[in-house]
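# Overview (structure and organization)
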Amino acid sequence: MSDKQIMCQLLVEKYGISFDIATLAKAIGVSKSKCDQFFMKFSDDQIMKMNVLPNFKKIGKRRIWTATAVADWLTQTEKA
């Protein structure tokens, strides 16, 4: 099993398959207010381009993160 697969499995067991912003903040180890600040300061495209948060999908105005996207982001950023 790769690091990404292990991380994804752990995230699903602890938080479920999809995350709202509060759950994302817990999973990546930052405060919810810090995540909110990114969205107030930058556009969605800038956030994805700068890779400051995992990739997300928008459903209406709501942002949703998958466990796979978060695991991928965590394994990539931890190596840096």
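The sections below set out a description of the structure shown in this document. Predicted, not measured: the structure shown is a model, and the values here were computed from it. (Residues numbered from 1 in each chain as written. Predicted model: local features only at pLDDT ≥ 70, side-chain atom pairs only at ≥ 80, totals over all residues. Heavy atoms only, no water.)

Of all the residues in helix α3 (residues 32-41), the buried ones are Cys35, Phe38 and Phe39. Projected down its long axis, α3 carries its buried residues within an arc of 95 degrees, all on one side. Exposed positions of α3 whose direction lies more than 90 degrees from the buried face are Met40 and Lys41. Of the surrounding elements, those touching the buried residues of α3 are α2 (21-28), α4 (44-50) and β3 (62-66). (Buried < 20%, exposed > 50% of the residue type's maximum accessible area, 1.4 Å probe, protein only. Helix = DSSP H or I, 4+ residues; strand = E, 2+ residues; numbered from the N terminus. Arc of directions from axis to C-beta. Contact = heavy atoms within 4.5 Å.)

On to the pattern of salt bridges, then. A complete count under the given rule lists three salt bridges for this structure. Asp36 serves as the salt-bridge partner of Lys32, at 2.8 Å between the closest nitrogen and oxygen. Taken as a pair, Lys32 and Asp36 lie in helix α3 at a separation of four residues, close to a single helical turn. Residue Lys32 is classed as partly exposed on the basis of its relative accessible area, which comes to 39%. According to the relative accessible area criterion, Asp36 is partly exposed, its value standing at 25%. Note that Arg63 is salt-bridged to Asp44, the shortest N-O span being 3.0 Å. You can see Arg63 sitting in strand β3 and its partner Asp44 sitting in helix α4, a full 19 residues away along the chain. The class for Arg63 is partly exposed, based on a relative accessible area of 22%. A single salt-bridge network, built from bridges that share partners, covers Asp44, Lys58 and Arg63. (Salt bridge = Lys/Arg side-chain N within 4 Å of Asp/Glu carboxyl O.)

Here the focus is the packing of aromatic side chains. Taken as a whole, this structure holds four aromatic pairs when the rule is applied. An angle of 65 degrees between the planes, with centres 5.9 Å apart, marks the rings of Tyr15 and Phe19 as edge-to-face. Classification of Tyr15 as partly exposed rests on a relative accessible area of 24%. Assessed through its relative accessible area of 1%, Phe19 is described here as buried. Joined through ring pairs, the aromatic side chains of Phe39, Phe56 and Trp65 make up one cluster. (Phe/Tyr/Trp six-rings, centres within 6.5 Å; stacked < 30°, edge-to-face > 60°.)

Our next topic: the packing of α2 against α3. At a minimum axis separation of 8 Å, α2 and α3 run at an interaxial angle of 115 degrees. By the angle class used here, α2 and α3 are roughly perpendicular. Along this stretch, α2 crosses α3, giving a crossing that reads as right-handed. Counting all contacts with α2, which are made through Ile21, Ala22, Ala25 and Ile28, the residues of α3 involved are Lys32, Cys35, Asp36 and Phe39. (Axes fitted to C-alpha atoms, helices over the stretch in contact; angles between N-to-C directions. Parallel < 35°, antiparallel > 145°, perpendicular 65-115°, else oblique. Left-handed = near helix turned anticlockwise from the far one by under 90°.)

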